[in-house]
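Observations on the model geometry
Here's the letter readout for the chains.
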Amino acid sequence: MATLDDLRRTAAGLAGTEERATTGGAAWFVRSKLYGWECHPWPSVPDDMRAIIASELVVGVKVADPIDALALIEMEPDVFLRTTTPWGEPKVAFRMAGIDREHLAELVTEAWRVQAPKYLRRALDDAG
């Protein structure tokens, strides 16, 4: 099971990342573009999803395409939430208790790629 510290370590290794405290918890940005966040049980979240978010750690990340989010949700419906709020699409939210460290690193890195400028993505590819 992955933890918030695992997410922080992954994000810290991605160039241009900044962690900020928000009213909903921690959030991660690359060049002022949001790519990952702790989910908060806002009133705009559907009741069934809000109950999950209120009772356990749920994280949201940006994805490249709504189809990517749908594929994750269909593959692991007990881990990936079907919906949270309409803002910030495309995105996907997931239960941290259901994610292993390797999958978390992949989700966070891909979310970073969606938001990072081309020169930072290129630098990561060149380093890897």
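Scroll up to find the structure this text is about.
For the structure given in this document, a descriptive report is provided here. (Residues numbered from 1 in each chain as written. Predicted model: local features only at pLDDT ≥ 70, side-chain atom pairs only at ≥ 80, totals over all residues. Heavy atoms only, no water.)

1. A word on the side chain of glutamine 115
- Within the element layout of this structure, glutamine 115 appears in helix H4 (residues 101-115).
- Sequence-distant contacts of glutamine 115, defined by excluding residues within four places in its chain, comprise Val30, Lys33, Leu34, Tyr35 and Lys62. (Helix = DSSP H or I, 4+ residues; strand = E, 2+ residues; numbered from the N terminus. Contact = heavy atoms within 4.5 Å.)

2. Thoughts on the nonpolar core
- Membership of the largest hydrophobic core comes to 28 residues, with the highest contact counts inside it found for Leu7, Tyr35, Phe80, Val92, Phe94, Ile99 and Leu104.
- Elements represented by at least two residues in this core include exactly helix H1 (4-12), strand E2 (25-30), strand E4 (58-62), helix H3 (66-75), strand E6 (91-95) and H4.
- Here the element with the most residues in this core is H4; it accounts for five residues.
- Excluding its chain neighbours within four sequence positions, the residues that come into contact with phenylalanine 94 are Leu57, Val58, Val59, Val61, Val79, Phe80, Ile99, Leu104 and Leu107. (Core = buried A, V, L, I, M, F, W, Y, C linked by side-chain atoms within 4.5 Å. Buried < 20%, exposed > 50% of the residue type's maximum accessible area, 1.4 Å probe, protein only.)

3. Re the environment of proline 117
- Tracing the sequence through the fold places proline 117 in the loop between H4 and helix H5 (118-127).
- Beyond its immediate stretch of four places on either side in the chain, proline 117 contacts Val30 and Arg31.

4. Some points on the pattern of salt bridges
- The tally for this structure, following the rule as stated, stands at 11 salt bridges.
- One salt bridge connects arginine 82 with aspartate 48, and the closest N-O pair in it is separated by 2.5 Å. Separated by 34 residues along the polypeptide, arginine 82 in the loop between strand E5 (80-81) and E6 and aspartate 48 in helix H2 (residues 47-55) bring together distant segments of the chain.
- A residue is classified by how much of its surface remains accessible, and arginine 82, at 47% relative accessible area, is partly exposed. (Salt bridge = Lys/Arg side-chain N within 4 Å of Asp/Glu carboxyl O.)

5. Examining the sheet that holds E5
- Spatially, six strands are ordered E1-E2-E3-E4-E6-E5 in an open sheet, and the strand pairing comes out antiparallel. In this open sheet, the two strands that pair with only one neighbour each are strand E1 (17-22) and E5.
- Note that strand E3 (residues 33-38) and E4 share three bridges and pair antiparallel. Bridge pairing in E4 links glutamate 38 to valine 59.
- Strands in contact with H3 are E5 and E6; relative to E6, the strand with the most contacts, it is inclined by about 25°. (Pairing = 2+ DSSP bridges. Axes fitted to C-alpha atoms, helices over the stretch in contact; angles between N-to-C directions.)

6. Here we look at the pairing of E4
- Counting buried positions over the five residues of E4 gives five, a clear majority of the element.
- A two-sided burial pattern is seen for E4, the buried positions comprising Val58, Gly60 and Lys62 on one face and Val59 and Val61 on the other.
- In this structure, E4 lies alongside E6, joined through five bridges in antiparallel fashion. Counted as the bridge partner of glycine 60 is alanine 93 from E6.

7. Re H2
- Taken together, the buried positions of H2 are Met49, Ile52 and Ile53. Down the axis, H2 shows its buried residues gathered within 95° of arc, on one side only. Of the exposed residues in H2, the ones pointing more than 90 degrees away from its buried face are Asp47, Ala54 and Ser55.
- Buried residues along H2 sit in contact with E4, E5 and E6. (Arc of directions from axis to C-beta.)

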